[in-house]
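Read off the chains here:
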Amino acid sequence: MSRHRNIRNLDEDDYYDDDYYDDDEDAYYLEQQREQERKKKEEAERKAKENKLKQQKLQQQKLQQQKLKQQQLDDAKKKAAGGKGGGGISVASAAPKSGGGGISLGKPPPGFTVESKKNDTATKNNNAQNMPIPQLPPNILASLRSNSTTGEVIRSHLSLVILGHVDAGKSTLTGRLLLSLNHVSQRLLQKYQKAATSIGKSSFALAWFTDEDDSERERGVTIDIGTKFAKTEKFDFTILDAPGHKDFIPNMISGTASADCGLLVVAATTGEFEAGFARGGDASYSGGQTREHIVLSRGLGVTQFVVAVNKLDAAEPAWCQKRFEHIKSMVLDFLKQNGFKEARITFCPVSGLTGVNISNSDKVEDEDGWKALKKWYKGPTLLEALDGFSPAKRGYEKPLRAIVTDVSSEGKHVNVRGRVVQGFIQSGDNVVVLPVGDDANVVRVERGKAAQEGSSPYSFASPSPTTSSSTSNEAQLDGIALAGDTVELTLANIDSARLMTGCVICHPHPSLRPKVEQRFEARISIMERLAVPIIRGSSVLLHMHSIDVPAVLNKLISSEKRGDGKPRQNPRVLTGGVTATVEITLSERLVIEESNECKALGRFVLRRGGDTIAVGLIDKVLS
């Protein structure tokens with residue numbers, strides 16, 4: 001019978017009648033009492049177990065303290081026997097006899113754990129300071145410093161980012177480029193063509209060479225950075241296929257931050273170019289991704305471009321010179337407005353789908369299109385334009401900086417992928433991982449290689465690829481990665497949980513480490529169309545290489561309108577199209593450096609509400 005009844009329906013005699021309540025009331029309370037007794041017993045057993053473990057731990061600490069004291073006494077006796085009458089300073093000795101010639105810093109303070117930690121830290125710092133500063137092997141250093149006439153120069157390595165508006169044909173063009181260089185096989189292409197046709201995307205087969213994720217292939221949109229390696233006649237390229245969709249701008253930023261040069265893909269078809277290059281109708285729309293990619297790439301350090309005017313075979317009319325010149329004039333003007341030099345920009349009409357003007361050696365599917373193009377175009381092919389890049393300046397002799405982009409564990413070791421942005425790293429090196437500060441040992445170094453059989457993008461230049469000089473020089477680079485290389489490292493003596501994307505690997509010597517701080521002073525360039533002005537205290541998301549962290553602009557130092565030349569001190573607000581000096585505080589301590597010391601750790605992008613609002617350079621790191 002239920003214990004809860006409507007009292008209004010009961011008579012007074014019924015309410016006070018003992019027989020109204022359930023007959024099993026006594027059993028209920030008895031069960032509750034037994035449950036409480038059981039819980040008390042379990043709690044008592046748990047406390048007894050904890051006390052026992054605590055006593056064992058204290059006993060172990062006592063034994064360790066006794067061993068440490070005995071060891072210190074033995075060391076003191078040995079020193080006294082070996083150097084009587086000396087006036088040296090003893091740091092770790094026990095209390096000396098009165099009148100002794102040594103100076104004692106006293107006995108260890110109580111509490112073995114604290115003392116042990118101090119000793120470990122001191123030992124670690126002393127070991128780091130005593131480590132020799134690494135030096136490149138003389139033969140490799142001589143080759144890096146030599147000129148091309150010696151035949152002993154290491155081939156230049158460039159990181160090439162593929163940029164452009166969504167659906168401009170970036171991935172398809174990249175796949176065609178790899179096919180022209182024989183880095184992928186016709187058999188694999190046929191396999192992709194069959195699979196793509198089965199899901200109704202037959203024209204996307206070439207894009208599948210870089211879009212390897214199933215979701216990317218189903219949607220027909222690049223989501224993450226696709227990394228491939230290619231070898232041309234002059235350069236060894238790490239190709240970074242960046243997403244063009246606005247939703248994946250953070251991924252595009254992480255790829256562009258690692259790039260030395262860019263391949264900007266522009267669709268020539270009517271409507272597509274205009275959509276990608278649109279300025280935007282109001283402040284809430286920043287325009288097409290072609291413009292934003294240009295601004296971001298310049299802010300992140302890219303200084304030279306090849307502009308591929310793609311899909312010119314689908315223009316009205318096909319391979320129209322007038323359409324090519326119109327696109328060239330508009331894009332070139334915008335590139336020059338953003339600080340690119342015209343001498344470092346090359347325009348090239350291509351068709352990624354049919355292979356027209358990719359390479360002179362290609363057997364293209366559209367022979368008529370090739371003939372129509374050659375009637376008015378006398379410039380380079382795409383591969384020739386890429387070989388026209390200037391070699392990147394590398395800081396081989398600067399302190400090591402390697403940025404982690406991926407981490408995986410394998411047995412006792414940890415595999416790390418990343419890029420050496422300056423210095424060098426080799427097997428057997430002792431390194432430190434910042435900002436966590438953990439030490440590690442480099443077990444293996446493997447550089448990224450082109451897929452072509454028998455070729456390595458890190459071989460020395462030589463008159464013939466089969467000469468013994470080339471083979472020996474390439475062997476000398478085994479186990480060594482230089483600045484600009486994309487690498488995979490195997491680290492020992494470090495926990496994989498302590499490593500994450502964005503960590504920086506450097507040499508443990510204190511003078512060779514970068515700063516780990518939370519505040520810095522920077523110069524920023526505000527985007528032209530800014531939906532909400534920037535004021536002091538504005539919250540933003542700061543993107544730097546492969547990480548993003550919340551930040552606050554806690555001080556507006558000065559601002560200047562572009563081309564005005566009149567700086568304004570302590571502005572109250574920053575609007576679109578101005579440059580400014582600001583102080584930024586991060587939500588956590590990061591590895592940062594001045595941009596003139598290390599480009600990768602000194603350039604950043606500020607975003608807010610899914611829109612890019614500024615790009616910047618770190619001028620001063622503040623403590």
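Further up the page is the structure itself.
In this text the structure is predicted, and so the values were computed from the model without any measurement.

The next thing to look at is helix α6 (residues 186-198). With 13 residues, α6 should reach 18 Å at 1.5 Å per residue; the first-to-last C-alpha distance of 19 Å fits that figure. Buried within α6 we find Leu189, Tyr192 and Ala196. End-on view of α6: buried residues confined to an arc of 65°, all on one side of the axis. Of the residues in α6, the exposed ones pointing more than 90 degrees away from the buried face are Arg187, Lys191, Lys194 and Ser198.

On to the side chain of Ser558. Counting through the fold element by element, Ser558 comes out in strand β20 (residues 547-561). The contacts of Ser558, once residues within four sequence positions are left out, are Arg568, Gln569, Asn570, Pro571, Thr579, Ala580 and Thr581.

Here we take up the sheet that holds strand β3 (residues 157-163). The strand order across the open sheet formed by six strands is β4-β5-β3-β6-β7-β8, and the pairing between neighbours is mixed. Either end of the sheet is taken by a strand with one partner, and the two such strands are β4 (226-231) and β8 (345-349). Put simply, the sheet's adjacent strands are angled 20° from each other on average, direction ignored. Here β3 pairs with strand β5 (residues 236-241) via six bridges, running parallel. Bridge assignment links Leu160 to a residue of β5, and that residue is Ile239.

To continue, consider the nonpolar core. Phe237, Leu263, Val331, Leu335, Phe347, Leu382 and Phe389 are the most contacted members of the largest nonpolar core, which totals 77 residues. Every residue in contact with Val331, bar those within four places of it in the chain, is listed here: Leu264, Phe273, Phe277, Val307 and Phe347.

Looking at the secondary structure, you find Ala402 in strand β9 (residues 401-410). Discounting residues that sit within four places of it in the chain, Ala402 has contacts with Arg419, Val420, Cys503, Val504 and Ile505.

Let us now look at the pattern of salt bridges. For the structure shown, the criterion picks out 18 salt bridges. For Lys336, the salt bridge is made with Glu342, and the minimal N-O distance between the two is 3.6 Å. Lys336 gets classed as partly exposed once you look at its relative accessible area, which sits at 39%. A salt bridge links Asp438 to Arg498; the nearest nitrogen and oxygen atoms lie 2.7 Å apart. Taken together, the positions of Asp438 in strand β13 (residues 438-447) and Arg498 in the loop between β15 (486-492) and β16 (504-506) put the pair 60 residues apart, joining distant regions of the chain. Assessed through its relative accessible area of 18%, Asp438 is described here as buried.

Glancing now at the packing of aromatic side chains. Applying the stated rule across the entire model yields 11 aromatic pairs. Ring centres 6.5 Å apart and planes at 65° place the aromatic pair Phe237 and Phe389 in the edge-to-face group. Here the residue Phe237 occupies a position in strand β5, and Phe389 occupies one in the loop between α13 (382-386) and β9, the gap between them amounting to 152 residues. Take Phe237 and Phe389: they sit in the same class, and that class is buried. Relative to Phe334, the ring of Phe277 lies with its centre 5.7 Å away and its plane at 80°, an arrangement referred to as edge-to-face. In this pair, Phe277 sits in the loop between α9 (272-276) and α10 (289-299) while Phe334 sits in helix α11 (residues 321-337), placing the two residues 57 residues apart along the sequence. Considered together, Phe277 and Phe334 belong to a single accessibility category, that of buried residues. A connected cluster of aromatic rings, assembled from ring pairs, spans Tyr192, Trp208 and Phe209. Above the face of the Phe334 ring, Arg291 is positioned so that its terminal group lies 4.6 Å from the ring centre.

Parameters at a glance
- Residues numbered from 1 in each chain as written.
- Predicted model: local features only at pLDDT ≥ 70, side-chain atom pairs only at ≥ 80, totals over all residues.
- Heavy atoms only, no water.
- Helix = DSSP H or I, 4+ residues; strand = E, 2+ residues; numbered from the N terminus.
- Expected span 1.5 Å × (residues − 1).
- Buried < 20%, exposed > 50% of the residue type's maximum accessible area, 1.4 Å probe, protein only.
- Arc of directions from axis to C-beta.
- Contact = heavy atoms within 4.5 Å.
- Pairing = 2+ DSSP bridges.
- Axes fitted to C-alpha atoms, helices over the stretch in contact; angles between N-to-C directions.
- Core = buried A, V, L, I, M, F, W, Y, C linked by side-chain atoms within 4.5 Å.
- Salt bridge = Lys/Arg side-chain N within 4 Å of Asp/Glu carboxyl O.
- Phe/Tyr/Trp six-rings, centres within 6.5 Å; stacked < 30°, edge-to-face > 60°.
- Lys NZ or Arg CZ within 6 Å of the ring centre and 35° of its normal.

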